[in-house]
Amino acid sequence: MPEVIPLRIADHKHLKMKQLQNIYKVIANEQLCPRFYRLAFDAPQLAREAQPGQFVHIRTSLGLQPFFRRPFSIYRAQKYVEIFYEPVGQGTQLLASKIKGDDLDVLGPLGTPFTLPSKEIKQVVMVAGGIGIAPFLALSDVLKKKKFELVLLYGGRTKNHVYPMKEFKANGVKVFVATDDGSVGFKGRVSGLFSKVRLDPQTTRVYTCGPNPMMAAVQKFCIENNLPGEAACEEIMACGLGACLGCSIPTKSGYKTVCYDGPCFDIKEVMFH
Ligand SMILES: Cc1cc2nc3c(=O)[nH]c(=O)nc-3n(C[C@H](O)[C@H](O)[C@H](O)COP(=O)(O)OP(=O)(O)OC[C@H]3O[C@@H](n4cnc5c(N)ncnc54)[C@H](O)[C@@H]3O)c2cc1C
Ligand code: FES
(Lines give C-alpha, C1' and ligand atoms only; values in the text may rest on other atoms or scores of the structure.)
(Ligands and ions follow the chains in the order given, each with its own letter.)
Protein backbone atom coordinates (compact mmCIF):
# COMPACT_ATOMS: atom_id res chain seq x y z
CA MET A 1 0.00 0.00 0.00
CA PRO A 2 1.75 3.27 -1.02
CA GLU A 3 2.21 5.79 1.74
CA VAL A 4 -0.08 8.83 1.43
CA ILE A 5 1.75 12.13 1.79
CA PRO A 6 -0.67 14.99 2.52
CA LEU A 7 -0.79 17.78 -0.03
CA ARG A 8 0.98 20.67 1.58
CA ILE A 9 0.89 23.41 -1.01
CA ALA A 10 -1.83 25.29 0.90
CA ASP A 11 0.33 25.66 4.00
CA HIS A 12 3.67 25.79 2.20
CA LYS A 13 6.10 27.54 4.48
CA HIS A 14 7.45 29.59 1.59
CA LEU A 15 4.08 30.69 0.25
CA LYS A 16 2.91 32.50 3.35
CA MET A 17 2.48 36.21 2.70
CA LYS A 18 5.14 36.58 0.08
CA GLN A 19 5.63 36.41 -3.62
CA LEU A 20 7.63 33.37 -4.56
CA GLN A 21 7.91 33.82 -8.32
CA ASN A 22 9.60 36.79 -9.95
CA ILE A 23 11.33 37.90 -13.13
CA TYR A 24 14.91 39.01 -12.46
CA LYS A 25 17.65 40.48 -14.65
CA VAL A 26 20.70 38.41 -15.50
CA ILE A 27 23.85 40.23 -14.34
CA ALA A 28 26.51 37.82 -15.61
CA ASN A 29 26.82 34.34 -17.05
CA GLU A 30 30.38 33.02 -17.33
CA GLN A 31 32.17 29.76 -17.95
CA LEU A 32 34.48 29.00 -15.01
CA CYS A 33 36.07 25.82 -16.40
CA PRO A 34 35.35 23.54 -19.38
CA ARG A 35 32.34 21.92 -17.64
CA PHE A 36 30.86 24.53 -15.29
CA TYR A 37 29.17 27.93 -15.56
CA ARG A 38 28.13 30.56 -13.05
CA LEU A 39 25.09 32.79 -13.57
CA ALA A 40 24.29 35.80 -11.38
CA PHE A 41 20.92 37.58 -11.26
CA ASP A 42 19.71 40.65 -9.43
CA ALA A 43 17.27 39.56 -6.70
CA PRO A 44 17.92 41.49 -3.47
CA GLN A 45 15.01 40.08 -1.44
CA LEU A 46 15.71 36.49 -2.51
CA ALA A 47 19.39 37.06 -1.57
CA ARG A 48 18.34 38.23 1.91
CA GLU A 49 15.99 35.30 2.50
CA ALA A 50 18.00 32.43 1.01
CA GLN A 51 19.63 29.96 3.38
CA PRO A 52 22.45 27.55 2.52
CA GLY A 53 21.10 24.33 0.99
CA GLN A 54 17.99 25.91 -0.50
CA PHE A 55 17.39 26.05 -4.25
CA VAL A 56 15.73 28.09 -6.97
CA HIS A 57 13.45 26.66 -9.68
CA ILE A 58 14.13 28.33 -13.02
CA ARG A 59 12.07 28.48 -16.19
CA THR A 60 14.77 28.10 -18.80
CA SER A 61 12.61 28.73 -21.88
CA LEU A 62 9.81 31.13 -22.80
CA GLY A 63 8.22 28.34 -24.87
CA LEU A 64 6.93 24.90 -23.93
CA GLN A 65 10.25 23.06 -24.29
CA PRO A 66 11.39 22.22 -21.71
CA PHE A 67 7.99 22.38 -20.04
CA PHE A 68 9.10 22.12 -16.41
CA ARG A 69 11.34 24.47 -14.48
CA ARG A 70 14.84 23.24 -13.57
CA PRO A 71 16.14 23.25 -9.96
CA PHE A 72 19.53 24.75 -9.00
CA SER A 73 21.18 25.10 -5.60
CA ILE A 74 21.82 28.64 -4.43
CA TYR A 75 25.59 28.92 -4.91
CA ARG A 76 25.90 32.37 -3.39
CA ALA A 77 23.44 34.93 -2.02
CA GLN A 78 25.20 38.23 -1.49
CA LYS A 79 24.81 41.33 -3.67
CA TYR A 80 23.38 39.03 -6.35
CA VAL A 81 22.01 35.51 -6.27
CA GLU A 82 24.32 33.08 -8.08
CA ILE A 83 23.87 29.58 -9.39
CA PHE A 84 26.64 27.26 -10.52
CA TYR A 85 25.68 24.77 -13.20
CA GLU A 86 26.75 22.20 -15.74
CA PRO A 87 25.05 22.17 -19.15
CA VAL A 88 23.82 18.57 -19.49
CA GLY A 89 20.59 18.87 -21.50
CA GLN A 90 18.16 21.27 -23.14
CA GLY A 91 17.29 23.36 -20.07
CA THR A 92 20.84 23.92 -18.86
CA GLN A 93 22.05 24.60 -22.43
CA LEU A 94 19.37 27.31 -22.77
CA LEU A 95 20.59 28.73 -19.47
CA ALA A 96 24.15 28.85 -20.82
CA SER A 97 22.92 31.04 -23.70
CA LYS A 98 21.57 33.77 -21.38
CA ILE A 99 23.38 37.09 -21.48
CA LYS A 100 23.53 40.17 -19.28
CA GLY A 101 20.17 41.99 -19.26
CA ASP A 102 18.07 38.91 -20.14
CA ASP A 103 15.00 38.17 -18.02
CA LEU A 104 15.03 35.10 -15.77
CA ASP A 105 11.81 33.61 -14.38
CA VAL A 106 12.68 32.25 -10.93
CA LEU A 107 10.71 30.53 -8.13
CA GLY A 108 12.40 30.58 -4.75
CA PRO A 109 14.01 30.26 -2.33
CA LEU A 110 12.64 26.73 -2.00
CA GLY A 111 13.30 23.69 0.17
CA THR A 112 14.62 22.85 3.60
CA PRO A 113 18.10 24.31 4.15
CA PHE A 114 21.09 22.72 5.89
CA THR A 115 20.91 22.63 9.68
CA LEU A 116 23.77 24.85 10.82
CA PRO A 117 26.27 23.30 13.27
CA SER A 118 25.75 23.68 17.01
CA LYS A 119 28.31 25.57 19.08
CA GLU A 120 30.12 22.36 20.14
CA ILE A 121 31.18 21.77 16.53
CA LYS A 122 34.70 22.88 15.61
CA GLN A 123 35.34 21.15 12.28
CA VAL A 124 32.89 21.28 9.35
CA VAL A 125 33.63 18.87 6.49
CA MET A 126 31.93 19.40 3.12
CA VAL A 127 32.18 16.45 0.72
CA ALA A 128 31.20 17.28 -2.86
CA GLY A 129 31.19 15.41 -6.14
CA GLY A 130 31.07 17.27 -9.46
CA ILE A 131 28.31 19.85 -9.63
CA GLY A 132 27.43 18.82 -6.06
CA ILE A 133 29.82 21.54 -4.95
CA ALA A 134 27.06 24.09 -5.71
CA PRO A 135 25.46 24.48 -2.23
CA PHE A 136 28.75 24.73 -0.34
CA LEU A 137 29.97 28.24 -1.16
CA ALA A 138 26.85 29.73 0.46
CA LEU A 139 27.37 27.41 3.44
CA SER A 140 31.01 28.51 3.83
CA ASP A 141 29.94 32.19 3.50
CA VAL A 142 27.76 31.74 6.60
CA LEU A 143 30.09 29.47 8.59
CA LYS A 144 33.27 31.51 8.08
CA LYS A 145 31.73 34.23 10.27
CA LYS A 146 31.38 31.69 13.10
CA LYS A 147 35.02 30.61 12.98
CA PHE A 148 34.62 26.90 12.26
CA GLU A 149 37.52 24.98 10.75
CA LEU A 150 36.20 24.43 7.22
CA VAL A 151 37.33 21.53 5.03
CA LEU A 152 36.17 20.76 1.47
CA LEU A 153 36.80 17.32 -0.03
CA TYR A 154 36.02 17.66 -3.73
CA GLY A 155 35.85 14.87 -6.27
CA GLY A 156 35.69 15.55 -10.00
CA ARG A 157 35.94 13.19 -12.94
CA THR A 158 38.83 15.03 -14.67
CA LYS A 159 40.65 18.38 -14.56
CA ASN A 160 37.78 19.72 -16.74
CA HIS A 161 35.52 19.32 -13.69
CA VAL A 162 37.83 21.28 -11.37
CA TYR A 163 38.00 25.07 -11.19
CA PRO A 164 40.25 27.26 -9.00
CA MET A 165 37.71 27.60 -6.11
CA LYS A 166 39.19 30.95 -5.14
CA GLU A 167 36.08 31.98 -3.21
CA PHE A 168 36.27 28.88 -1.04
CA LYS A 169 39.93 29.55 -0.27
CA ALA A 170 39.13 33.21 0.48
CA ASN A 171 36.60 31.94 3.04
CA GLY A 172 39.43 30.05 4.77
CA VAL A 173 38.27 26.63 3.49
CA LYS A 174 41.00 23.97 3.25
CA VAL A 175 40.38 22.43 -0.19
CA PHE A 176 41.44 18.87 -1.10
CA VAL A 177 40.79 17.60 -4.63
CA ALA A 178 40.56 14.10 -6.09
CA THR A 179 39.99 13.23 -9.75
CA ASP A 180 39.16 9.84 -11.22
CA ASP A 181 42.05 10.07 -13.71
CA GLY A 182 44.54 11.85 -11.41
CA SER A 183 44.73 14.87 -13.78
CA VAL A 184 44.43 17.12 -10.68
CA GLY A 185 45.00 16.22 -7.02
CA PHE A 186 44.67 12.73 -5.56
CA LYS A 187 44.00 9.97 -8.13
CA GLY A 188 40.82 8.14 -7.21
CA ARG A 189 37.46 8.67 -5.56
CA VAL A 190 36.73 11.45 -3.08
CA SER A 191 36.54 8.75 -0.37
CA GLY A 192 40.34 8.55 -0.74
CA LEU A 193 40.40 11.98 0.97
CA PHE A 194 38.51 10.88 4.12
CA SER A 195 41.91 10.64 5.89
CA LYS A 196 41.91 14.49 5.92
CA VAL A 197 39.05 14.45 8.44
CA ARG A 198 39.78 14.62 12.17
CA LEU A 199 37.55 11.92 13.59
CA ASP A 200 35.83 13.42 16.60
CA PRO A 201 32.03 12.90 16.61
CA GLN A 202 31.60 15.54 19.33
CA THR A 203 33.22 18.34 17.32
CA THR A 204 32.88 17.38 13.64
CA ARG A 205 29.87 17.76 11.34
CA VAL A 206 29.71 16.51 7.75
CA TYR A 207 27.72 17.85 4.80
CA THR A 208 27.61 16.18 1.40
CA CYS A 209 26.17 16.69 -2.08
CA GLY A 210 26.87 14.80 -5.28
CA PRO A 211 26.09 11.55 -7.08
CA ASN A 212 24.22 8.98 -4.98
CA PRO A 213 27.06 6.38 -4.89
CA MET A 214 29.39 9.06 -3.50
CA MET A 215 26.86 10.17 -0.87
CA ALA A 216 26.31 6.50 0.06
CA ALA A 217 30.08 6.23 0.69
CA VAL A 218 29.92 9.38 2.87
CA GLN A 219 26.94 7.92 4.73
CA LYS A 220 28.91 4.70 5.44
CA PHE A 221 31.88 6.77 6.65
CA CYS A 222 29.59 8.82 8.95
CA ILE A 223 27.90 5.71 10.37
CA GLU A 224 31.21 3.87 10.94
CA ASN A 225 32.72 6.88 12.72
CA ASN A 226 29.53 8.07 14.41
CA LEU A 227 29.77 11.47 12.73
CA PRO A 228 26.63 13.61 12.40
CA GLY A 229 25.87 14.93 8.94
CA GLU A 230 23.45 15.98 6.26
CA ALA A 231 23.07 15.17 2.58
CA ALA A 232 21.68 17.58 -0.03
CA CYS A 233 19.80 15.22 -2.36
CA GLU A 234 18.83 15.56 -6.01
CA GLU A 235 15.86 14.16 -7.85
CA ILE A 236 14.17 15.17 -11.10
CA MET A 237 11.48 17.71 -10.20
CA ALA A 238 8.23 19.06 -11.57
CA CYS A 239 6.37 21.50 -9.25
CA GLY A 240 9.22 22.12 -6.76
CA LEU A 241 6.61 22.91 -4.09
CA GLY A 242 5.73 19.59 -2.44
CA ALA A 243 2.50 19.21 -4.41
CA CYS A 244 3.06 16.62 -7.16
CA LEU A 245 5.18 14.14 -5.13
CA GLY A 246 7.24 13.49 -8.28
CA CYS A 247 10.53 14.01 -6.46
CA SER A 248 9.85 11.56 -3.59
CA ILE A 249 12.75 9.45 -2.35
CA PRO A 250 12.81 6.60 0.18
CA THR A 251 14.07 7.42 3.67
CA LYS A 252 14.06 5.45 6.92
CA SER A 253 10.91 7.40 7.89
CA GLY A 254 9.05 6.67 4.62
CA TYR A 255 8.96 8.55 1.32
CA LYS A 256 9.92 12.25 1.47
CA THR A 257 9.89 14.93 -1.20
CA VAL A 258 13.29 16.34 -2.14
CA CYS A 259 11.78 19.76 -2.96
CA TYR A 260 9.87 20.31 0.29
CA ASP A 261 11.14 17.92 3.02
CA GLY A 262 14.62 18.27 1.49
CA PRO A 263 16.85 18.73 -0.35
CA CYS A 264 18.81 18.60 2.95
CA PHE A 265 18.24 15.45 5.03
CA ASP A 266 19.97 13.78 7.97
CA ILE A 267 22.54 11.63 6.18
CA LYS A 268 21.65 8.56 8.25
CA GLU A 269 17.97 8.80 7.16
CA VAL A 270 18.38 8.67 3.38
CA MET A 271 18.19 5.31 1.55
CA PHE A 272 20.43 6.04 -1.43
CA HIS A 273 19.28 4.22 -4.58
C1 LIG B 1 17.62 20.37 -5.43
C2 LIG B 1 18.45 20.31 -6.70
C3 LIG B 1 19.51 21.16 -6.85
C4 LIG B 1 20.27 21.11 -8.02
N5 LIG B 1 21.31 21.98 -8.14
C6 LIG B 1 22.03 22.00 -9.27
C7 LIG B 1 23.07 22.94 -9.43
O8 LIG B 1 23.34 23.76 -8.53
N9 LIG B 1 23.77 22.94 -10.60
C10 LIG B 1 23.48 22.03 -11.61
O11 LIG B 1 24.13 22.06 -12.66
N12 LIG B 1 22.50 21.13 -11.48
C13 LIG B 1 21.77 21.10 -10.35
N14 LIG B 1 20.74 20.21 -10.22
C15 LIG B 1 20.48 19.30 -11.36
C16 LIG B 1 19.77 20.09 -12.46
O17 LIG B 1 18.48 20.45 -11.99
C18 LIG B 1 19.67 19.23 -13.70
O19 LIG B 1 20.96 19.08 -14.23
C20 LIG B 1 18.80 19.92 -14.73
O21 LIG B 1 17.46 19.87 -14.31
C22 LIG B 1 18.95 19.26 -16.08
O23 LIG B 1 18.06 19.89 -16.96
P24 LIG B 1 18.30 19.83 -18.53
O25 LIG B 1 17.04 20.25 -19.19
O26 LIG B 1 19.54 20.55 -18.90
O27 LIG B 1 18.61 18.31 -18.78
P28 LIG B 1 17.57 17.15 -19.11
O29 LIG B 1 17.50 17.05 -20.60
O30 LIG B 1 16.32 17.30 -18.33
O31 LIG B 1 18.38 15.95 -18.52
C32 LIG B 1 19.74 15.67 -18.94
C33 LIG B 1 20.25 14.52 -18.11
O34 LIG B 1 20.35 14.91 -16.72
C35 LIG B 1 19.55 14.06 -15.90
N36 LIG B 1 18.88 14.89 -14.87
C37 LIG B 1 17.96 15.83 -15.08
N38 LIG B 1 17.57 16.38 -13.92
C39 LIG B 1 18.28 15.75 -12.96
C40 LIG B 1 18.32 15.85 -11.56
N41 LIG B 1 17.56 16.69 -10.87
N42 LIG B 1 19.17 15.05 -10.89
C43 LIG B 1 19.92 14.17 -11.53
N44 LIG B 1 19.94 14.03 -12.87
C45 LIG B 1 19.11 14.80 -13.58
C46 LIG B 1 18.54 13.44 -16.84
O47 LIG B 1 18.10 12.16 -16.39
C48 LIG B 1 19.33 13.30 -18.13
O49 LIG B 1 20.15 12.17 -18.12
C50 LIG B 1 19.97 20.20 -9.05
C51 LIG B 1 18.89 19.32 -8.90
C52 LIG B 1 18.15 19.37 -7.73
C53 LIG B 1 17.01 18.44 -7.56
S1 FES C 1 6.61 17.43 -4.97
FE2 FES C 1 6.56 18.22 -7.01
S3 FES C 1 8.68 18.32 -7.48
FE4 FES C 1 8.70 17.78 -5.43
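Residues numbered from 1 in each chain as written. Chains lettered and ligands numbered in written order. Predicted model: local features only at pLDDT ≥ 70, side-chain atom pairs only at ≥ 80, totals over all residues. Heavy atoms only, no water.

A. Structural context of the sheet that holds strand β10 (residues 174–179). The strand order across the open sheet formed by seven strands is β11-β10-β9-β8-β12-β13-β16, and the pairing between neighbours is mixed. Strands at the two margins of the open sheet, each flanked by one partner only, are β11 (186–187) and β16 (264–266). Sheet strands touched by helix α5 (residues 212–225): β8 (123–129), β12 (204–209) and β13 (229–232). Its angle to β12, the strand with the most contacts, is close to 165°. (Pairing = 2+ DSSP bridges. Helix = DSSP H or I, 4+ residues; strand = E, 2+ residues; numbered from the N terminus. Contact = heavy atoms within 4.5 Å. Axes fitted to C-alpha atoms, helices over the stretch in contact; angles between N-to-C directions.)

B. Spotlight on the domain arrangement of the protein. By domain assignment, the protein separates into domain 1 (9–110) and domain 2 (123–266). Taking only C-alpha atoms into account, the centre of domain 1 sits 21 Å from that of domain 2. Between domain 1 and domain 2, the contact holds 28 residues from the first and 29 residues from the second. Between domain 1 and domain 2 lies a buried interface of about 2,500 Å² when both sides are counted; carbon and sulfur atoms form 65% of it. Summed over the three residues of domain 1 that lose the most area to domain 2, namely P52, Y75 and R76, the buried surface amounts to 23% of that side. At the junction of domain 1 and domain 2, the tally comes to two salt bridges. One salt bridge in this structure joins D141 and R76, with 2.8 Å as the shortest N-O distance. Along the contact surface separating domain 1 from domain 2 lie seven residue pairs in polar contact (both at pLDDT 80 or more). Class assignment of the residues belonging to the side of domain 1 that touches domain 2 gives a composition of 16 nonpolar, five polar and seven charged. (Domains from an automatic or database assignment. Buried area = accessible area lost by both parts, 1.4 Å probe. Salt bridge = Lys/Arg side-chain N within 4 Å of Asp/Glu carboxyl O. Polar contact = N/O pair within 3.5 Å; in protein donor to acceptor, adjacent residues only side chain to side chain. Nonpolar A, V, L, I, M, F, W, Y, C, P; charged D, E, K, R; others polar.)

C. View of the site of ligand 1. Taken together, 19 residues sit near ligand 1, with R70, P71, F84, G91 and T92 positioned nearest. A distance of 3.2 Å separates an oxygen atom of ligand 1 from a polar backbone atom of G89. Contact distances for ligand 1 include 2.7 Å between an oxygen atom and a backbone N or O atom of G91. Taken together, the elements giving at least two residues each to the shell around ligand 1 come down to β4 (70–73), β6 (81–85) and α2 (90–96). Looking at the shell around ligand 1 element by element, the count peaks at four residues for β4. (Near = heavy atom within 4 Å.)

D. Representation of a nonpolar patch on the surface within the structure. On the surface, L64, F67 and F68 cluster together to form a nonpolar patch covering roughly 370 Å² of accessible area. As for its placement among the helices and strands, L64 is situated in the loop between β3 (55–59) and β4. When its relative accessible area of 64% is taken as the criterion, L64 is described as exposed. (Patch = residues over 30% accessible without salt bridge, like charges linked within 9 Å, V, L, I, M, F, W, Y side chains within 5 Å. Areas by Shrake-Rupley, 256 points an atom, 1.4 Å probe, with all protein chains shown as cover. Buried < 20%, exposed > 50% of the residue type's maximum accessible area, 1.4 Å probe, protein only.)

E. Representation of the packing of aromatic side chains. Counted by the stated rule, this structure contains 10 aromatic pairs. Seen in terms of ring centroids, Y37 and Y85 are 5.5 Å apart; in terms of plane orientation they differ by 25°. Their pairing is stacked. Here Y37, found in strand β2 (residues 37–42), pairs with Y85, found in strand β6; they are 48 residues apart in sequence, far enough to count as distant. Assessed through its relative accessible area of 1%, Y85 is described here as buried. Between F114 and Y207, the aromatic rings sit 5.0 Å apart at their centres with planes inclined by 75°, giving edge-to-face as the arrangement. (Phe/Tyr/Trp six-rings, centres within 6.5 Å; stacked < 30°, edge-to-face > 60°.)

F. Representation of the sheet that holds strand β7 (residues 103–110) within the structure. The seven strands lie next to each other as β4-β3-β7-β1-β2-β6-β5, forming an open sheet whose pairing is antiparallel. Edge strands, defined here as strands with exactly one partner in the open sheet, are β4 and β5 (76–77). Note: β3 against β4, four bridges, orientation antiparallel. Bridging across to β4, F55 finds its partner in S73.

G. Molecular detail of the pattern of salt bridges. This structure, assessed with the given rule, holds 13 salt bridges. Between D180 and R189 there is a salt bridge whose closest N-O contact spans 4.0 Å. Beyond isolated ion pairs, a larger network of salt bridges with shared partners links E30, R38, E82 and E167.

H. Representation of the environment of F148 in the model. With respect to the secondary-structure elements, F148 resides in the loop between α3 (136–143) and β9 (149–156). For F148, a relative accessible area of 13% corresponds to the buried category. The spacing of F148 and V173 is 25 residues in sequence and 9.5 Å in space, taken between C-alpha atoms. Leaving out residues up to four positions away in the same chain, F148 has contacts with P117, S118, I121, K122, V124 and L143.

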